[in-house]
Amino acid sequence: LYQDYLRKRSRMYEKILVPLDGSALAEVALPYAEDLAGRLGSEVTLVYVSELTEAPSQHMHQLYLQKMVESTKQGAERYTNKSGRKSIQVRSAILVGNPAEKIVEHADKEDIALIVMATHGQSGIKQRALGSVADKVVRATKCPVALIRANGAHSDMREKGILNKVLVPLDGSKQDETVIPYIEELASKLEVEVILFQVLAPECYIPGT
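With that out of the way, let us pick up unusual backbone geometry. Even without a glycine there, the phi angle at Asp111 is positive, about 55°. Counting through the fold element by element, Asp111 comes out in the loop between helix 4 (99–109) and strand 4 (114–118).

Printed below as a string of structure tokens:
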């Protein structure tokens, strides 16, 4: 059982999926994926979901993804150099259809271990907000999802230490504790500080205990 547990832990972050929509705000998720991939040796897949099937649009999406693949690979290599890992594999895919549905389908089909996405992407009231897509993905997928707040992000995020401290809210339930193995893996591989956090109702708190 312990060996089976170790095998499952080794695959927790094996494949990372990052949905993009062509906006700078959606790209806020990339530094986090780069950090995880570089330090854990994960494979990264960048996906662009288009609701248009016209050839010119597909060609532009492909050029965009090629640029993002190179940028992501370079970003991840900053961490592989420090950890001594091999270069990271970064793939790309263009999906056609409903964004949330296609992201969930692709994650399931490719056995994705973690989806990393911004909570807000396209700007403009007439454009689809990635935030709404992220909400639908979280509700529909069986895969763990890391949501990155896009609002207030800075352009120098790659220069800062991103994953250094983790806050884990717990309520004492078995359901909440399912997150623990994922945090253990991060703590052991990334050497991050972990804070287990629980809020007690006033009537449950006894001073001095």
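On to the nonpolar core, then. Core analysis: the biggest nonpolar cluster contains 34 residues, and Ile16, Val18, Leu20, Leu36, Val44, Leu46 and Val116 have the highest contact counts within it. Every element with two or more residues in this core is listed here: strand 1 (15–20), helix 2 (30–40), strand 2 (43–50), helix 3 (55–83), strand 4, strand 6 (165–169) and helix 6 (180–190). For this core, the element with the highest residue contribution is helix 2, accounting for 6 residues. In this structure Leu36 touches Ile16, Gly41, Ser42, Leu114, Leu163, Leu186 and Leu190, once residues within four positions along its chain are discounted. One finds Leu17, Ala107, Val137 and Cys143 within the second-largest nonpolar core, a separate group that totals 16 residues.

Of all 11 residues making up helix 2, 11 are buried, and the element is well covered by its neighbours. Gly41 sits one or two residues past helix 2 and shows a positive phi near 75°.

Attention now moves to the confidence of the model for the protein. When pLDDT is averaged along the protein, the result is 81, and 76% of the positions lie at 70 or above. Looking at the elements of the protein, mean pLDDT is at its lowest for helix 1 (residues 2–10), recorded as 46, and at its highest for strand 1, recorded as 96. Within the model, the stretch residues 1–7 combines pLDDT values under 50 with 2 contacts to residues more than four positions away or in other chains. Every residue in residues 121–129 is under pLDDT 50, and counting partners more than four places away or in other chains gives 17 contacts.

This paragraph deals with the side chain of His61. One can find His61 in helix 3. Accessibility expressed as a relative area gives 12% for His61, which makes it buried. Among all residues touching His61, those that are not within four sequence positions of it are Tyr48, Ser50 and Ile94.

Here the focus is the packing of aromatic side chains. Applying the stated criterion to the full structure yields 2 aromatic pairs. Plain terms: the ring middles of Tyr13 and Tyr182 are 6.2 Å apart, the flat faces sit at 85° to each other, and that makes the pair edge-to-face. With Tyr13 in the loop between helix 1 and strand 1 and Tyr182 in helix 6, the pair connects residues that are 169 residues apart, well separated along the chain. Look at Tyr48 and Tyr64: their rings are 6.0 Å apart centre to centre, the planes differ by 80°, and that puts the pair in the edge-to-face class. One end of the pair, Tyr48, is in strand 2; the other, Tyr64, is in helix 3, and 16 residues separate them in sequence. The two residues Tyr48 and Tyr64 agree in class, both being buried.

Most of strand 1 is tucked away: 5 of the 6 residues are buried. Pairing of strand 1 with strand 2 involves 6 bridges; the strand directions are parallel. If you follow Leu20 over to strand 2, its bridge partner there is Tyr48. Following the chain from strand 1 across helix 2 to the adjacent parallel strand 2, one finds a crossover that is right-handed. Sheet topology places strand 1 next to strand 4; 2 bridges connect them, and they run parallel. When the sheet's bridge partners are listed, Leu17 is paired in strand 4 with Ile115.

Glancing now at the sheet that holds strand 4. Pairing within the open sheet is parallel, and its 5 strands lie in the order 3-2-1-4-5. At either margin of the open sheet sits one strand with a lone partner, and together these are strand 3 (90–96) and strand 5 (145–148). Sheet twist, expressed as the mean angle between neighbouring strand axes with direction ignored, is 25°. Pairing analysis gives 7 bridges linking strand 2 to strand 3, with the strands arranged parallel. When the sheet's bridge partners are listed, Ser50 is paired in strand 3 with Val96.

Its location among the elements puts Gly22 in the loop between strand 1 and helix 2. The exposure class assigned to Gly22 is partly exposed, which follows from its relative accessible area of 40%. On a C-alpha basis, the gap between Gly22 and Leu65 in space is 8.7 Å, while along the polypeptide they are 43 residues apart. Ignoring anything within four residues of it in the chain, the contact list for Gly22 reads Glu27, Tyr48 and Tyr64.

About the thresholds
- Residues numbered from 1 in each chain as written.
- Predicted model: local features only at pLDDT ≥ 70, side-chain atom pairs only at ≥ 80, totals over all residues.
- Heavy atoms only, no water.
- Helix = DSSP H or I, 4+ residues; strand = E, 2+ residues; numbered from the N terminus.
- Core = buried A, V, L, I, M, F, W, Y, C linked by side-chain atoms within 4.5 Å.
- Buried < 20%, exposed > 50% of the residue type's maximum accessible area, 1.4 Å probe, protein only.
- Contact = heavy atoms within 4.5 Å.
- pLDDT = per-residue confidence, 0-100.
- Phe/Tyr/Trp six-rings, centres within 6.5 Å; stacked < 30°, edge-to-face > 60°.
- Pairing = 2+ DSSP bridges.
- Right-handed = clockwise from strand over helix to strand, strands pointing away.
- Axes fitted to C-alpha atoms, helices over the stretch in contact; angles between N-to-C directions.

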